[in-house]
Amino acid sequence: MKTFRTMLKTEIKLSLRGMDMFIFAICVPLVVLIIQGIIYGNRPAYPDAGYTFLEQSFSALATISICAGGVMGLPLVVSDYRSKGILKRYKVTPVSPAMILVVQVAIYTLYAVVSLMLLYFTAKLFFGYQFRGDLFRFLGGYLLVLVSMFSIGMLVGGVSPDTKIASVIACILYFPMLILSGATLPYEVMPSTLKRVADVMPLTQGIKLLKAASLGHPADSVLAQICIMGVVAVACTVIAVKYFKWE
Amino acid sequence: MKEIIKVNRLTKCYAGRPAVNKLELTVERGTIFGLLGANGAGKSTTIECILGTKKADEGKVTILGMNPYTDRKSLFERVGVQFQESSYQEKITVRELCEVTESLYRETEDSFELLKKFKIDDKKKSLVKDLSGGERQRLFIVLALIGKPDVVFLDELTTGLDAKARREVWKMLSALKEKGLTIFLTSHFMDEVEALCDKICILKKGNAVFKGTVSDAVKDSPFDNLEDAYLWYTEEEEKNENI
């Protein structure tokens, strides 16, 4: 526990010193929220909808931070620590190198939670946001999306031969998901061809699942999405654990 | 227990070619052991197989009577390691690296005292990457000592240190040895080996071509100093081929 606390404290400092995660996981979602708030205001999502456009978008915005940490942050830090020999150094201490991975997962989870709270309070205070769904269902879905995104990141970071390849794969996954999965650009305003492209991405499915939970739509309408996210999480975790390269 | 490190018939092959071949070693408590050899002779592979970060193809290794594979957790409470390529986070400071290292062990030295002993306590707030080569090398010796080890492995101990700093490091290691610390080191500097090592082993293409004390190494060769003797041991084959 002493080890975990000290490492967590130090790694948070290092992560904040890097600034990139602060920008991509904390600032970007807030900026997108404010822009959407200004553009759409309190307009209903569609004529006669029982909720506003922003209420519909809220849970999509909440995944930006998960996406940044899981698909960008994790692969980069894991492959970097491996190539620097940091994971190997932990092998000759009483503490397992897996500890530093657990610490990284904890840090990106913290980024995601902080981002979620900031989004919620900003939306509530400035744009009259109201959460209409089932809180526990939303949090459960949120956790599922987080686990499956992080498992993708662990897989990329764990099996990429070097930092360069990890960052190329991370970019290929991150930017299309950020822009096309509905996290920033609302899925509802996309033309139908683009929607078909978006549907291939796991994050798009995750966002559908969260939207249903936050708007109070019935859970059985998103059973397929729950299955997809679960399969992604299990498959990526199993492969990552099996083929993880420590050095 | 007198024998701190025991290596029996250690063999490790890469692509069918032995990098280390049936190596036998013992290191006794409170002594300094030097593993010598040219680049590529198998020194790093030997250290990694002894520490269990690489799996040997054959042979048996014990450190402090423990198996480095199966007893990892308890063994590395008592073993300090400084690897050749220093591994640290890009933006970490000296103080943070020391704090994290302290948190890994049950019982620790005061890292500030150690930093002071190795004359880098004024660099606590510096980023590790901003240290000079010599300062960083000393920091990594400090890190290897933080867990109050009984044995330390120092790979390429004083590479990058200036003459004065090297002498200081030697003095400190000798003092630690007097207190009972066992030291396993590799080095390319024969003056260092002469000043420090009780026993040495010279590796050539994975085979031990000499084992014993420094003075025996000189006596068994046609030369009167270790550097020439070392070169003679490691180049003998080529010379014979030339004749």
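The model shown is predicted, which means the values in this text are computed figures rather than measured ones.

The rules behind these values
Residues numbered from 1 in each chain as written. Chains lettered and ligands numbered in written order. Predicted model: local features only at pLDDT ≥ 70, side-chain atom pairs only at ≥ 80, totals over all residues. Heavy atoms only, no water. Salt bridge = Lys/Arg side-chain N within 4 Å of Asp/Glu carboxyl O. Buried < 20%, exposed > 50% of the residue type's maximum accessible area, 1.4 Å probe, protein only. Helix = DSSP H or I, 4+ residues; strand = E, 2+ residues; numbered from the N terminus. 1 Å grid on protein atoms, 1.4 Å probe; cavity = no way out; pocket = protein on both sides within 12 Å on 5 of 7 lines; lining within 4 Å. Points joined across faces, edges and corners; volume = space filled by probe spheres on them. Nonpolar A, V, L, I, M, F, W, Y, C, P; charged D, E, K, R; others polar. Contact = heavy atoms within 4.5 Å. Pairing = 2+ DSSP bridges. Phe/Tyr/Trp six-rings, centres within 6.5 Å; stacked < 30°, edge-to-face > 60°. Buried area = accessible area lost by both parts, 1.4 Å probe. UniProt positions renumbered as here; feature names shortened; annotations may be inferred. Axes fitted to C-alpha atoms, helices over the stretch in contact; angles between N-to-C directions.

Novice: Which residues make up the pattern of salt bridges, and what values do they have?
Specialist: Applying the stated criterion across every chain, the model contains 22 salt bridges over all chains. One salt bridge connects aspartate 80 of chain A with lysine 84 of chain A, and the closest N-O pair in it is separated by 2.8 Å. Judged by its relative accessible area of 23%, lysine 84 of chain A is partly exposed. For the salt bridge of lysine 88 of chain A with glutamate 48 of chain B, the shortest nitrogen-to-oxygen distance reads 2.8 Å. In this pair, lysine 88 of chain A is assigned in helix α4 (residues 86-91) and glutamate 48 of chain B in helix α1 (residues 43-51), connecting two distinct chains. One exposure class covers both lysine 88 of chain A and glutamate 48 of chain B, and it is buried. A network of salt bridges, in which partner residues are shared, links Asp80 and Lys84 of chain A together with Glu90 and Lys129 of chain B.

Novice: Give me the lowdown on empty space enclosed by the protein, citing residues and values where you can.
Specialist: Residue and element names in this part refer to chain B. For the coordinates displayed, the defined rule picks out two cavities of 30 Å³ or more. Approximately 150 Å³ is the volume attributed to the largest cavity. Listing elements by their share of the lining of the largest cavity, those giving two or more residues are β5 (79-82) and α5 (133-145). Class assignment for the residues of the lining of the largest cavity results in eight nonpolar, six polar and two charged. In this structure, the second largest cavity occupies an estimated 60 Å³ of space.

Novice: Mind laying out the environment of histidine 217 of chain A, listing which residues take part and the relevant values?
Specialist: Residue and element names in this part refer to chain A. Considering the arrangement of structural elements, one finds histidine 217 in the loop between α9 (202-215) and α10 (223-243). Since its relative accessible area comes to 31%, histidine 217 is described here as partly exposed. Through-space distance from the C-alpha of histidine 217 to that of glycine 133 is 7.5 Å; in sequence the pair is 84 residues apart. Contact partners of histidine 217, with chain neighbours within four places excluded, come to Tyr51, Arg137 and Ala212.

Novice: Explain the pairing of strand β1 (residues 3-14) of chain B to me, and be specific about the residues and the numbers.
Specialist: All names here are of chain B. Where β1 lies against strand β2 (residues 17-28), eight bridges are found, and the strand directions are antiparallel. Within β2, the position partnered with leucine 10 by the bridge is leucine 23. Following β1, the chain reverses through two residues before pairing antiparallel with β2; alanine 15 in that reversal takes a positive phi of roughly 50°. Across five bridges, β1 lies against strand β4 (residues 58-63) in antiparallel orientation. When the bridges of β4 are listed, lysine 6 appears paired with threonine 62.

Novice: Residue-level account of the packing of aromatic side chains, with values.
Specialist: All names here are of chain A. In total, this model carries 17 aromatic pairs over all chains according to the counting rule given. Aromatic side chains phenylalanine 138 and tyrosine 142 sit 6.1 Å apart centroid to centroid with 25° between the ring planes, which places their arrangement in the stacked category. On the criterion of helical spacing, the pair formed by phenylalanine 138 and tyrosine 142 is a turn pair, its members being four residues apart in helix α6 (residues 135-159). With relative accessibility at 3%, the residue phenylalanine 138 sits in the buried group. With a relative accessible area of 6%, tyrosine 142 lands in the buried category.

Novice: Quick rundown of the interface of chain B and chain A? Include the residues and the values.
Specialist: Each side of the interface is counted separately: chain B has 30 residues, and chain A has 27 residues. Approximately 2,400 Å² of surface area, both sides summed, lies buried where chain B meets chain A, with 55% of it carried by carbon and sulfur atoms. At the junction of chain B and chain A, the tally comes to four salt bridges. Of the charged contacts in the structure, one is a salt bridge between glutamate 96 of chain B and arginine 17 of chain A, with a shortest N-O distance of 2.5 Å. Secondary structure elements with two or more residues in the side of chain B that touches chain A: α1, α2 (72-75), β5 and α3 (94-103) of chain B. Ranked by residue count, the leading element in the side of chain B that touches chain A is α3 of chain B, at seven residues. Here the residues of the side of chain B that touches chain A sort into 12 nonpolar, seven polar and 11 charged.

Novice: Please set out the UniProt feature "domain: ABC transmembrane type-2" (unreviewed entry) in chain A residue by residue, giving values where relevant.
Specialist: UniProt feature "domain: ABC transmembrane type-2" (unreviewed entry): in the numbering of this structure it lies at residues 20-247 of chain A. For the annotated span residues 20-247 of chain A, helix accounts for 76% and strand for 0% of the residues, and the straight-line distance between the end C-alpha atoms is 25 Å.

Novice: I'd like to hear about the sheet that holds strand β3 (residues 32-37) of chain B, residue by residue, with values.
Specialist: Residues and elements named next belong to chain B. An order of β5-β6-β7-β3-β8-β9 is seen for the six strands of this open sheet, with the pairing classed as mixed. Strands with a single pairing partner mark the edges of an open sheet, and in this sheet they are β5 and β9 (207-212). Here the average twist between neighbouring strands, direction ignored, is 15°. Along the sheet, α5 contacts β5 and β6 (151-154); its crossing angle with β5, the most-contacted strand, is approximately 160°.

Novice: So, the sheet that holds β1 of chain B: which residues are in play, and what are the values?
Specialist: Residues and elements named next belong to chain B. In spatial order, the strands read β2-β1-β4; together these three strands make up an open sheet with antiparallel pairing. On the outer flanks of this sheet lie β2 and β4, each paired with one strand and no other. Between one strand axis and the next, the sheet turns by 15° as a mean value, whatever way the strands run. α1 rests against β1, β2 and β4 of the sheet, and its axis sits at about 120° to β1.

Novice: Residue-level account of the UniProt feature "transmembrane region" (unreviewed entry) in chain A, with values.
Specialist: Residues and elements named next belong to chain A. As recorded in UniProt, the sites labelled "transmembrane region" (unreviewed entry) are residues 21-40, 60-78, 99-123, 135-156, 168-187 and 222-244. Taken end to end, residues 21-40 is 100% helix and 0% strand, and its two terminal C-alpha atoms sit 28 Å from one another. Summarising residues 168-187: 65% helix, 0% strand, and an end-to-end C-alpha distance of 26 Å.

Novice: I'd love a proper account of the pairing of strand β7 (residues 182-186) of chain B, names of residues and values included.
Specialist: Residues and elements named next belong to chain B. Counting buried positions over the five residues of β7 gives five, a clear majority of the element. Residues Thr182, Phe184 and Thr186 of β7 are buried on one face, and the alternating residues Ile183 and Leu185, pointing to the opposite face, are buried as well. Pairing between β3 and β7: four bridges, direction parallel. Within β7, the residue paired with leucine 35 across the bridge is threonine 186. Two elements, β6 and β7, share four bridges in a ladder whose sense is parallel. Within β7, the position partnered with valine 152 by the bridge is isoleucine 183.

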